[in-house]
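Working through the structure, step by step
Chain residues, written in single-letter form:
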Amino acid sequence: MDIKALNNLQRPCYVLEEARLRANLSLISEIASKTDTEFILAFKAYALWKTFPIFKEYITSTTASSLNEARLAYEAFGSKALTYSPAYTDYEIDEISRYSSHLTFNSLTQYARFHERVKRENKDISLGLRLNPEYSEISTELYNPCAKGSRFGVLASCLSKELPSDIEGLHFHCHCESQAEEFSRTLNEIMKKFSHLFNQVKWVNFGGGHLVTRQGYNKDLLINTLKDFKKKFPHLKVIMEPGSAFAWQTGNLISHVVDIVENHQIKTAIVNVSFSCHMPDCLEMPYKPEILGAKILPSDASKEDITKKNAYRIGGNSCLAGDYMGTWVFKDELKIGDVIIFKDMLHYTTVKTNMFNGISHPMIAIEHLDGKIEILRDFDYNDYKTRMD
């Protein structure tokens, strides 16, 4: 990462580092090869289509959750999507079918309503059914697809011993930024409830949330777990569809201090980006992103700590009262114009951003292997206006 080049950016910008992206892709490709597993990119976490030529050097398929994502897979990635949606609509299902190589139903009612129609539209499509093992180790309920009362997937108690004859695959999604140990334990629960169905299908999709590129991830355990599964079911094609893993720690969001305000001894550095608009997971999850050159204080930090000379909340520039995070301690006192670099801001950011308040959207750029920064997308008034057309 060329800090000097980033500091020269005068406006907010997401900057993807090609070297880091390729490192992630290389690791994922290695695991896929060793386990005979297909890893595919989930657009819900990352959909910067101008970087797809890089991805296509390592993977061949993507996964979609909507008509727009399926169309993006077909038109921009060059292959039909493996598609899953919690509910397909009558006015989109035909087009989704044309853009999809695989289509997974979330419920038996959706299957009954659409499976014949989907096959008429695309005779080569492979149909799947999402199942819910009612087991997940995700601690944040907002991200737990197997929580009690979840709307995702068919429960074992609702299935007969025989699957519908045209169902060729089973889909599970039980993870979120999870480790190999969690997948191993979850797979044991899946096996207890659904292993009798595996000989009736051609493929199984273990979904996303496998953060294989995180430092310390037990890659060997994942490889051995997948190899053991393949020994038991050699006829099955195994698919995994992480999103965050591809873009994990591949780039940053560059921002600038535009004002510093103080209230009850708490100093807030207001920046020219918004947590609500440009880093929504920080408020939804919530989690505090790392800031380059600053130390995060714990949420239970003392008043003495949060009112230190170099301690600041970081405030977004929207009208939302809660558009702030904090507190960080910086090496020096902040001043207007200082660059604030939010680390690891390429997954679940650009796909979720919005233009609330009409706030200027950060540019999107890539730092190439030679260190040169290319602006992939610059946003202006027309991008805001057309959202209201």
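First, a word on what this report is: a plain description of the structure on this page. (Residues numbered from 1 in each chain as written. Predicted model: local features only at pLDDT ≥ 70, side-chain atom pairs only at ≥ 80, totals over all residues. Heavy atoms only, no water.)

Considerations on the nonpolar core
The criterion, for reference: By nonpolar core is meant a set of buried Ala, Val, Leu, Ile, Met, Phe, Trp, Tyr and Cys residues that side-chain atoms within 4.5 Å join together. Exposure classes here rest on a 1.4 Å probe applied to the protein chains alone. A residue is buried below 20% of its type maximum, exposed above 50%, and partly exposed in between. Each helix corresponds to a stretch of at least 4 residues labelled H or I by DSSP, and each strand to a stretch of at least 2 residues labelled E; elements are numbered beginning at the N terminus. Whether two residues are in contact is decided by their heavy atoms, any of which lying within 4.5 Å being enough.
Among the nonpolar cores identified, the biggest contains 94 residues, and Phe 55, Phe 172, Phe 206, Phe 229 and Phe 342 are the most heavily contacted of them. When residues in this core are grouped by element, the largest group, 6 residues, is from helix 7 (residues 180–194). Excluding anything up to four places from it in sequence, Phe 229 contacts Leu 187, Met 191, Phe 198, Val 204, Phe 206, Leu 236 and Val 238.

Side note on helix 2 (residues 18–35)
This is how the line gets drawn: The span one expects for a helix is its residue count, reduced by one, times 1.5 Å.
With 18 residues, helix 2 should reach 26 Å at 1.5 Å per residue; the first-to-last C-alpha distance of 26 Å fits that figure. Check the buried side of helix 2 and you find it contacts strand 1 (13–17), strand 2 (37–39), helix 3 (52–55), helix 8 (219–232), helix 9 (244–247) and strand 18 (363–367). At the exit of helix 2 stands Asp 36, carrying a positive phi of roughly 55 degrees.

Thoughts on unusual backbone geometry
Omega for the bond connecting Gly 326 with Thr 327 falls within 30 degrees of zero, at 20 degrees, which places this linkage in the cis form. By secondary structure assignment, the location of Thr 327 is in strand 16 (residues 324–330). Its identity is not glycine, yet Gln 249 carries a phi of approximately 55 degrees, on the positive side. Tracing the sequence through the fold places Gln 249 in the loop between helix 9 and strand 12 (251–263).

Re the packing of helix 7 against helix 8
Quick note on the threshold: Between the N-to-C directions of two axes lies an angle of 0 to 180 degrees, each axis being a line fitted to C-alpha atoms and, for a helix, fitted only over the stretch in contact. Note on terminology: angles under 35 degrees are roughly parallel, angles over 145 are roughly antiparallel, angles of 65 to 115 are roughly perpendicular, and the others are oblique. By convention, the crossing between two helices is left-handed when the near helix turns anticlockwise from the far helix through less than a right angle, and right-handed when the turn is clockwise. Throughout, the ten residues Ala, Val, Leu, Ile, Met, Phe, Trp, Tyr, Cys and Pro are labelled nonpolar, Asp, Glu, Lys and Arg are labelled charged, and all others, Gly among them, are labelled polar.
In the contact formed by helix 7 and helix 8, the axes pass within 9 Å of each other and the chain directions differ by 20 degrees. Taken as axis vectors, helix 7 and helix 8 run roughly parallel relative to one another. The handedness of the crossing between helix 7 and helix 8 is left-handed. Facing helix 7, whose interface residues are Ala 180, Glu 181, Phe 183, Ser 184, Leu 187 and Met 191, helix 8 presents Leu 221, Leu 222, Thr 225, Leu 226, Phe 229 and Lys 232. Its residues assigned to classes, the contact of helix 7 with helix 8 shows 8 nonpolar, 2 polar and 2 charged.

Here's the deal with the pattern of salt bridges
Test applied: Here, a salt bridge means any side-chain nitrogen of Lys or Arg that lies within 4 Å of a carboxyl oxygen of Asp or Glu.
Counted according to the given criterion, the structure contains 24 salt bridges. Glu 333 is the salt-bridge partner of Lys 309, the closest N and O atoms lying 3.6 Å from each other. Of this pair, Lys 309 sits in the loop between helix 12 (303–306) and strand 15 (311–315) while Glu 333 sits in the loop between strand 16 and strand 17 (339–342); the two residues are 24 residues apart in sequence, bridging distant segments of the chain. Look at Glu 333 and you get partly exposed, because its relative accessible area is 46%.

Considerations on helix 6 (residues 108–121)
The criterion, for reference: Note on bend: at a given residue it equals the angle between the axes fitted to the 7 residues ending there and to the 7 starting there.
Under the 1.5 Å per step criterion, the end-to-end length of helix 6 is 20 Å for 14 residues, consistent within 8% with the ideal 20 Å. At Phe 114, helix 6 shows its strongest bend, of approximately 50 degrees. Buried-residue contacts for helix 6 involve helix 5 (93–98), strand 6 (100–105), strand 7 (126–132) and strand 9 (167–171).

Some details on the environment of Ser 107
Cut-off, in case you're wondering: Any pair of N or O atoms that falls within 3.5 Å is considered a polar contact. Within protein, one atom must be able to donate a hydrogen and the other to accept it, and sequence-neighbouring residues count only if both atoms are side-chain atoms.
Positionally, Ser 107 belongs in the loop between strand 6 and helix 6. Among the residues examined, Ser 107 registers a relative accessible area of 18% and is labelled buried. Between the alpha carbons of Ser 107 and Phe 152 there is a distance of 8.0 Å; along the sequence they are 45 residues apart. Those residues within four positions of Ser 107 in sequence are excluded, and the remaining contacts are Leu 129 and Val 154. For Ser 107, the side chain forms a polar contact with the side chain of Thr 109, separated by 2.9 Å.

Let's talk about a nonpolar patch on the surface
For clarity, the threshold we go by: A patch consists of residues exposed above 30% relative accessible area that lack any salt bridge, with like charges linked at up to 9 Å and nonpolar side chains (Val, Leu, Ile, Met, Phe, Trp, Tyr) linked at up to 5 Å. Here the Shrake-Rupley method, with its probe set to 1.4 Å, supplies the accessible areas, and only the displayed protein chains count as covering residues.
Together, Leu 283, Leu 320 and Phe 356 make up a nonpolar patch on the protein surface, roughly 230 Å² of accessible area in all. Inspection of the secondary structure puts Phe 356 in the loop between strand 17 and strand 18. Judged by relative accessible area, Phe 356 falls into the partly exposed class, the value being 37%.

Observations regarding the pairing of strand 18
We apply this condition: Paired strands are those between which DSSP finds at least two bridges.
Burial within strand 18 is extensive, with 5 of its 5 residues counted as buried. Burial along strand 18 is two-sided: Met 363, Ala 365 and Glu 367 facing one way and Ile 364 and Ile 366 facing the other are all buried. Bridge analysis of strand 18 against strand 19 (residues 373–377) gives 4 bridges, and the strand direction is antiparallel. When the sheet's bridge partners are listed, Ile 364 is paired in strand 19 with Arg 377. In sequence, strand 18 turns back onto strand 19 through a hairpin of 5 residues, with Gly 371 there showing a positive phi of about 90 degrees.

Here's the deal with the side chain of Thr 51
Mapped onto the fold, Thr 51 is located in the loop between strand 3 (41–42) and helix 3. Among the polar contacts made by the side chain of Thr 51, one reaches the side chain of Tyr 46 at a distance of 2.7 Å. Once residues within four sequence positions are removed from consideration, Thr 51 is found in contact with Leu 16, Tyr 46, Ile 366 and Leu 376.

Here's the deal with the packing of helix 2 against helix 8
Where helix 2 meets helix 8, the axes come as close as 9 Å, and the angle between the chain directions of the two elements is 30 degrees. On the basis of the axis angle, helix 2 is roughly parallel to helix 8. As helix 2 packs across helix 8, the resulting crossing turns out to be right-handed. Mapping the contact onto sequence places Leu 27, Glu 30, Ile 31, Lys 34 and Thr 35 in helix 2 and Lys 219, Leu 222, Ile 223, Leu 226, Lys 227 and Lys 230 in helix 8.

Some words on the side chain of Ser 97
Looking at the element boundaries, Ser 97 is found in helix 5. At a separation of 2.7 Å, a polar atom in the side chain of Ser 97 contacts the main-chain carbonyl oxygen of Ile 93. Sequence-distant contacts of Ser 97, that is, excluding residues within four places in its chain, are made with Leu 103, Val 118, Glu 121, Asn 122 and Ile 125.

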